[in-house]
Each structure stands twice: as C-alpha cells, then as structure tokens.
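Each chain is listed here by its residues.
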Amino acid sequence: MAENDRTPSFDSNEAAARLRAAVHAKAANYYAMYSSVLGGIVTDPAFMVLPLDDHMVHRGHSVFDTAILAGGRLYQLDQHLERFLRSAEMARIPLPFPVEKLRQIIIDTAAASGRRDASVRYWLSAGPGGFGLGPAECVGSSFYVIIFVAEFYPESFYSQGLKVVTSSVAIKPPFFARVKSTNYLPNVLVLLEAKDKGADNGVFIDHHGMIAESSNMNVAFVTRGRVFRHPPFDAILSGVTVQRLFQLARHLVESGDLKDIRIGDVPMEEGKAAAEMMLVGSSVKVAPVVEWDGRAIGDGKPGPIARKLLELWREDIRKATDQLVAVPYAGQ
Ligand SMILES: Cc1ncc(COP(=O)(O)O)c(C=O)c1O
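The number of helices and strands found in the chain is ten helices and 16 strands. For 332 residues, the compact-globule formula gives about 20 Å, and the C-alpha radius of gyration of the chain, at 22 Å, lands near that figure. Projected onto its principal axes, the C-alpha coordinates of the chain cover approximately 70 × 55 × 40 Å. At a minimum sequence separation of 6, the contacts of the chain that also span at least 24 residues come to 71%. For the chain, the exposed area adds up to about 16100 Å²; of that, 54% sits on carbon and sulfur atoms. A gap of 4 Å separates the mean positions of the 36 positive and 37 negative side-chain charges of the chain.

Here you go:
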C-alpha cells in the first residue's frame with residue numbers, strides 16, 4: 001500500500017480544520033444550532049454535529065418535532081411542543097431541563113439565527129454514553145435545535161395539484177405511528193416508492209383498508225356532499241396543522257362552503273370517490289391531490305376548499321396572535 005493510501009489520523013486541531021473543510025454548499029441553509037452537549041448555540045455549520053455515541057444516532061432512541069418561523073414569530077410552537085412532550089413520554093426519554101427552558105432555548109436559537117422565515121426542528125434523545133441498547137449507560141438526555149431554510153414545495157403542487165399512489169410499504173403499528181420518533185424509514189420508503197412510480201407521494205393504508213396518512217403529512221378529503229373528512233388519530237400522527245385546519249374549516253361551514261367536519265374512518269373507496277383530496281402538514285401546508293393511483297380525484301383539478309383552507313392558513317400565520325410566539329432578535 002502506498003504511503004498516501006493510508007487512512008489519515010488527525011490531532012484535535014487538524015480534526016477541527018477538517019470539520020471546517022467538510023462544510024458543503026448546502027450548509028448555507030443551516031442558520032443556527034443549539035446543542036445541550038455544547039451547552040449553547042453555534043452558527044458555524046462545522047460545529048453543528050452530534051456525538052456518535054448519542055443513542056439517537058445508533059439506536060434511534062429519540063423524538064423530534066418541527067415548527068415554523070414565519071415573519072419573525074414562531075407559529076404554533078406550544079402545540080408542537082405539546083406533541084413533542086407526548087412523544088418523549090411514549091419513548092420513555094426524560095427531559096434534560098424543565099419544559100420552559102426547552103421552549104426558551106428554541107426561541108433563543110431562532111433569535112440567534114437572525115432569520116425571520118425558517119424551519120425549526122428540535123430533538124430529544126436518550127443521549128450519549130456508549131453503544132449499548134438501553135439508555136442506562138447514557139450520561140443524560142440530549143436536546144438539539146436547528147434553524148434551517150424554510151421547507152417548501154414547488155408552486156405547481158398548489159397550482160396544478162399533486163399525484164399520489166397507494167403505498168406498498170407497511171404502515172407503522174399504531175403506537176409507533178403516534179410517536180414522532182426519528183425512525184422514519186417507512187416514511188422515506190413511501191416517498192421513494194411514489195417517485196419511482198412517477199407520483200409525488202404515497203398514501204399509507206391500514207390493515208382494515210382505511211386511509212391512514214402520507215409520508216410526513218396528513219390526508220384529508222371533501223366528500224361530494226361537501227363534508228370535510230379526516231381519519232381518526234389512533235393509528236397515525238396527530239398533525240398540528242390539520243388540528244388547526246379543523247378550527248379554520250369552521251369558517252367554511254359558517255359560510256356554507258362546507259356542510260360539516262367529520263373525523264372518522266375513511267375507507268379507500270370513499271377517498272377515491274371524493275370531490276377533493278389534500279395533503280396537510282407543517283412542510284406542505286395544504287396541497288390539493290388531483291390524482292390517486294392514476295385516477296382523477298374529483299374533476300382532476302385543484303379544488304376550491306383546498307384553496308380556501310390554504311388561504312385561511314396563510315392568514316393564520318400572519319394574524320393569529322394566540323398561535324404566534326414572538327422572537328426577541330438582537331437590536332430590537
Ligand atoms: C407521519 C406524519 N404525519 C403527519 C404529519 C403532519 O404533522 P404536522 O402538521 O404537525 O406537520 C407529519 C409531520 O410532522 C408526519 O411526520
């Protein structure tokens with residue numbers, strides 16, 4: 001073996017230099033990170049790293065959530081935190097700090113990013129301490145926050161609608177579907193399968209033939225009788241966005257656009273025969289589905305209810321003061 005084929009070893013200074021050199025162009029999308037391992041916030045992407053012995057890395061013993069920073073305010077932070085705490089409890093991960101401190105760290109990291117529009121993702125992990133399975137060896141739970149470029153989908157999702165296919169990937173068992181853990185392998189595979197088939201996303205169907213959810217979004221419908229329909233939340237993730245849409249959709253019941261809002265099992269045949277179908281989530285917002293398994297939904301065009309719900313949601317992130325948390329930026 002030639003001398004320069006040897007795997008190099010680095011001292012700490014060289015390793016730090018290498019971490020800097022390894023920063024790729026896309027890291028420009030990462031604005032600030034908090035790490036409980038560091039005990040503070042960094043804005044240099046070279047140091048937005050995790051210890052390999054953190055059980056989040058090698059066991060997936062961790063939970064996460066994502067909120068939106070919109071116009072300098074955190075939208076529905078407390079609702080997302082509530083789900084995060086539920087996930088933590090189900091995954092049996094103790095909090096490293098009181099909830100109020102976790103919340104303040106998220107707000108402080110958003111402020112340190114200097115960004116007014118971004119995505120905010122945070123993780124709670126069993127923590128570092130070894131490479132075993134159980135968390136007994138961990139030195140303590142870890143908490144990480146990243147402020148990164150606002151997630152967005154192509155404009156065509158909204159103007160032309162998207163195509164979905166039924167997933168052949170097995171849905172997570174109900175308990176695991178309700179915990180927002182970092183085990184997203186089925187969610188990734190459902191998306192890849194859809195792309196392979198020339199579609200935009202997939203739809204999980206449960207063991208009783210009922211519609212469940214999509215990759216990282218919920219699935220809602222408008223029946224031909226103008227009823228807003230959504231599956232129950234006992235075997236899927238309780239979407240913060242769709243829960244808010246139920247409230248916003250009441251305006252459409254009042255205006256007569258909708259007759260009713262009904263949460264309950266949606267059989268696949270009912271979904272396929274709907275007037276409208278839409279994907280709903282913090283990343284996709286409200287996006288109309290116009291085709292499922294090659295068959296048109298409704299008239300095959302984005303429907304009016306999806307459009308109105310998206311408008312209501314857009315207004316909500318700007319004006320709903322009870323849903324918005326102010327971020328104290330420097331110099332304000
Ligand atoms: C599996 C799954 N379902 C639904 C959702 C939608 O949830 P939210 O509206 O809180 O983004 C998400 C996203 O977090 C998800 O990962």
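Having seen the structure, we can now continue with the description.
Near the ligand there are 16 residues, and of these Lys180, Tyr184, Glu213, Thr241 and Ser282 occur at the shortest range. A distance of 2.9 Å is found between an oxygen atom of the ligand and a side-chain nitrogen or oxygen belonging to Arg83. Taken by itself the ligand offers 390 Å² of open surface, and the protein chains cover 95% of this. Of the pockets mapped on this structure, the ligand occupies the largest pocket.

Before going further, it helps to spend a moment on the side chain of Ser119. With respect to the helices and strands, Ser119 occurs in strand E5 (residues 118-125). You can call Ser119 buried: its relative accessible area is 6%. Within the structure, the side chain of Ser119 is placed 3.1 Å from the backbone nitrogen of Glu151, a separation counted as a polar contact. Residues within four places of Ser119 in sequence aside, it is in contact with Ala67, Ile146, Ile147, Phe148, Val149, Ala150 and Glu151.

Pairing is antiparallel in the open sheet, where seven strands are placed in the order E2-E1-E6-E5-E3-E4-E16. The open sheet terminates on both sides in strands that have one partner only, identified here as strand E2 (40-42) and strand E16 (324-326). Each strand axis lies, on average, 25° off the axis of its neighbour in the sheet, ignoring direction. Bridging between E5 and strand E6 (residues 142-148) involves seven bridges; their strand directions are antiparallel. If you follow Val120 over to E6, its bridge partner there is Ile147. Helix H3 (residues 77-90) contacts strand E3 (62-70), strand E4 (73-75), E5, E6 and E16 of the sheet and is inclined by roughly 175° relative to E3.

A separate point is the packing of aromatic side chains. Using the criterion set out here, one finds ten aromatic pairs in the structure. Note on Tyr153 and Phe157: the rings are 5.3 Å apart at their centroids and 15° apart in plane angle, and the pair reads as stacked. Residue classification places Phe157 among the buried positions, given a relative accessible area of 9%. Taken together, Tyr34, Phe84, Tyr122 and Phe143 form an aromatic cluster joined through their ring pairs. The positively charged end of Lys101 is found above the aromatic ring belonging to Phe97, 4.2 Å away from the centroid. Its guanidinium or amino end placed over the ring of Tyr31, Arg115 lies 3.9 Å from that ring's centre, counting from NZ or CZ.

Rules and cut-offs
Residues numbered from 1 in each chain as written. Predicted model: local features only at pLDDT ≥ 70, side-chain atom pairs only at ≥ 80, totals over all residues. Heavy atoms only, no water. Helix = DSSP H or I, 4+ residues; strand = E, 2+ residues; numbered from the N terminus. Rg over C-alpha atoms; globule rule 2.2 N^0.38 Å. Contact = heavy atoms within 4.5 Å. Areas by Shrake-Rupley, 256 points an atom, 1.4 Å probe, with all protein chains shown as cover. Lys, Arg positive; Asp, Glu negative; His and termini not counted. Charge placed at Lys NZ, Arg CZ, Asp CG, Glu CD. Near = heavy atom within 4 Å. Polar contact = N/O pair within 3.5 Å; in protein donor to acceptor, adjacent residues only side chain to side chain. 1 Å grid on protein atoms, 1.4 Å probe; cavity = no way out; pocket = protein on both sides within 12 Å on 5 of 7 lines; lining within 4 Å. Sits in = over half its atoms within 2 Å of the grid points. Buried < 20%, exposed > 50% of the residue type's maximum accessible area, 1.4 Å probe, protein only. Pairing = 2+ DSSP bridges. Axes fitted to C-alpha atoms, helices over the stretch in contact; angles between N-to-C directions. Phe/Tyr/Trp six-rings, centres within 6.5 Å; stacked < 30°, edge-to-face > 60°. Lys NZ or Arg CZ within 6 Å of the ring centre and 35° of its normal.

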